[in-house]
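A look at the structure
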Amino acid sequence: MKGSAVVWRWVLFSGLLAIIATNSFGASDFRRVKVRAVIRDPRTSQPIALLADPGGKRAMPIWIGEAEAMALQSAMEGTVSKRPMTHDLLASVIKHLKGSVEEVRVTELKDDIYYALILIKGPQGLIQVDSRPSDAMVLAVKLGKPISVESSLFEARSVPLSRTPMETYGMEVQALDPALKEAMEYEGKGLLVSNVEEGSFAEKAGLKRGDIVAKAQGKALDSPEDLESLFPVPPQGLKLEVRRKGERLEILLPPEP
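Residues numbered from 1 in each chain as written. Predicted model: local features only at pLDDT ≥ 70, side-chain atom pairs only at ≥ 80, totals over all residues. Heavy atoms only, no water.

1. With respect to the packing of aromatic side chains
Heads up, the condition is: To pair, rings of Phe, Tyr and Trp, with the six-membered ring standing in for Trp, must have centres within 6.5 Å; the planes then decide the type, stacked if under 30 degrees apart, edge-to-face if over 60, and tilted in the middle. We count a stretch as a helix when DSSP gives it H or I for four or more residues in a row; a strand needs E for two or more, and each element gets its number in order from the N terminus. For every residue, the accessible area obtained with a 1.4 Å probe (protein chains only) is divided by the maximum for its type, and the residue is called buried under 20%, exposed over 50%, and partly exposed between those limits. In this scheme, Lys NZ or Arg CZ marks a charge over a ring once it lies within 6 Å of the ring centre and within 35 degrees of the ring normal.
Inspection of every chain in the model, using the stated rule, returns two aromatic pairs. Aromatic side chains Tyr169 and Phe201 sit 5.2 Å apart centroid to centroid with 50° between the ring planes, which places their arrangement in the tilted category. With Tyr169 in the loop between β9 (159-160) and β10 (171-175) and Phe201 in helix α7 (residues 201-205), this pair connects stretches of sequence that are 32 residues apart. For Tyr169, a relative accessible area of 1% translates into the label buried. On the basis of relative accessibility, which here comes to 26%, the residue Phe201 falls in the partly exposed class. With centroids separated by 5.5 Å and ring planes inclined at 70°, the aromatic side chains of Tyr169 and Phe231 adopt a geometry described as edge-to-face. Of this pair, Tyr169 sits in the loop between β9 and β10 while Phe231 sits in the loop between α8 (224-228) and β14 (238-244), placing them 62 residues apart in sequence. For the pair Tyr169 and Phe231, a shared accessibility class is recorded, and that class is buried. Ring-pair connections join several aromatic residues into one group, and the members of that group are Tyr169, Phe201 and Phe231. Residue placement shows Arg105 over the ring face of Phe30; its charged tip is 4.4 Å from the ring centre. Over the aromatic face of Tyr115 sits the side chain of Lys110, whose NZ or CZ is 5.0 Å from the ring centroid.

Rendered as structure tokens:
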């Protein structure tokens, strides 16, 4: 009886997610990327997700919908909703059906449409789920899982990135709008740290994603440009006043060697 229940549960899981089962993921070469930012197409204002290589030298743009852009931005900021949203629900269903997301992959571009797969490990082994890249990215960011792009696709569709002085420190910030302030229970001026690269100057100094930088060199910050204007870091370092989970911290960014 118990064995039948397990089989039935996995059959339900397979039907619910429209899974394509497989025992291997093929020999294609994939390149690890991360969601660098969600920006707007200056011509159409449509949201674009930028998938960048670990070094931040190149990025591949993928145009996405408004709802997916909001979900992706929220996932990157670590915002937790009071009730589960669609991607939270999907993650919960996978977990409760004894599955775990291993990785998501952007696999190909056909007729100007990108295709992706969600790689899931479950009771019957490894499987692939056909997905829109936007949904797959949101799920990966929420769960802290890796994102990869087929290498030849990344080479063909990516563009060189120029790094600002602040980005050389491996940190990205964004303005705090009223909705973010309410979600983070924060009042006052400041900037949200939306990303800190692993092994970067910013990480080594103690900065973390989700921190709020209230002041830099004693000056309150209203916009990312306010902080960007203080780079390059002076010889004595750049003093940041940071809020982290209600605590006040001081972090000193060293001058770039």
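2. A short note on the pattern of salt bridges
Going by this rule: Salt bridge, as applied in this entry: a Lys or Arg side-chain nitrogen positioned within 4 Å of an Asp or Glu carboxyl oxygen.
This structure, assessed with the given rule, holds 14 salt bridges. Residue Lys34 is joined to Glu197 by a salt bridge in which the shortest nitrogen-to-oxygen separation is 3.6 Å. A residue pair is termed long-range when its members are at least 10 positions apart, and Lys34 in strand β2 (residues 30-40) and Glu197 in the loop between β11 (191-196) and α7 qualify at 163 residues. Across the pair Lys189 and Asp222 runs a salt bridge whose closest N-O atoms are separated by 3.6 Å. Taken together, the residues Lys189 in the loop between α6 (178-184) and β11 and Asp222 in the loop between β13 (219-220) and α8 connect sequence positions 33 residues apart. On the basis of relative accessible area, Lys189 is assigned to the partly exposed category, the value being 46%. Salt bridges linked by common partners bring Lys239, Glu241, Arg243, Arg248 and Glu250 together as one network.

3. Section: the packing of helix α2 (residues 66-77) against helix α4 (residues 133-143)
How two helices sit against one another is set out by the angle between their axes and by the gap between those axes. Applied cut-off: The convention used is that axes are lines fitted to C-alpha atoms, helices contributing only their stretch in contact, and that angles between N-to-C directions extend from 0 to 180 degrees. Each angle is binned into one of four classes, with values under 35 degrees roughly parallel, values over 145 roughly antiparallel, values of 65 to 115 roughly perpendicular, and all other values oblique. Note on convention: the crossing is left-handed when the near helix lies turned anticlockwise from the far helix by less than a right angle, right-handed when the turn is clockwise. Contact between two residues is taken to exist if any of their heavy atoms lie within 4.5 Å; hydrogens are not considered.
At a minimum axis distance of 9 Å, the contact between α2 and α4 shows a crossing angle of 15°. Considering their axes alone, α2 and α4 lie roughly parallel with respect to each other. For the pair α2 and α4, the crossing hand works out as left-handed. Here Glu68, Ala71, Leu72, Ala75 and Met76 of α2 come into contact with α4, specifically with Ser134, Asp135, Met137, Val138, Val141 and Lys142.

4. Quick word on α4
Across the 11 residues of α4, nine count as buried, placing the element largely inside the fold. Three or more residues of α4 are buried, namely Pro133, Ser134, Asp135, Ala136, Met137, Val138, Leu139, Ala140 and Val141. Just downstream of α4, Gly144 is the residue with a positive phi angle, here 70°.

5. Considering the pairing of β11
Convention followed: Here the rule is simple: two strands pair whenever DSSP picks up at least two bridges between them.
Buried residues dominate β11, accounting for six of its six residues. With five bridges joining them, β10 and β11 adopt antiparallel strand pairing. From the neighbouring strand, Val173 faces β11, where its bridge partner is Val193. Sheet analysis places β11 next to strand β12 (residues 212-216), joined by two bridges and oriented antiparallel. Bridged to Leu192 within β12 is Ile212.

6. Considerations on the nonpolar core
Test applied: Only buried Ala, Val, Leu, Ile, Met, Phe, Trp, Tyr and Cys residues count toward a nonpolar core, and they belong to the same one when joined by side-chain atoms within 4.5 Å.
Counting residues in hydrophobic clusters, the biggest one holds 32 residues, and the most contacted among them are Leu51, Met60 and Leu72. If one sorts the elements of this core by residue count, α4 sits on top with six residues. Apart from residues no more than four positions distant in its own chain, Leu72 is found in contact with Val35, Val38, Ala49, Ile64, Met137, Val138 and Val141. Formed by 20 residues, the second largest nonpolar core is a distinct cluster that contains Val173, Ala202, Val233 and Leu238.

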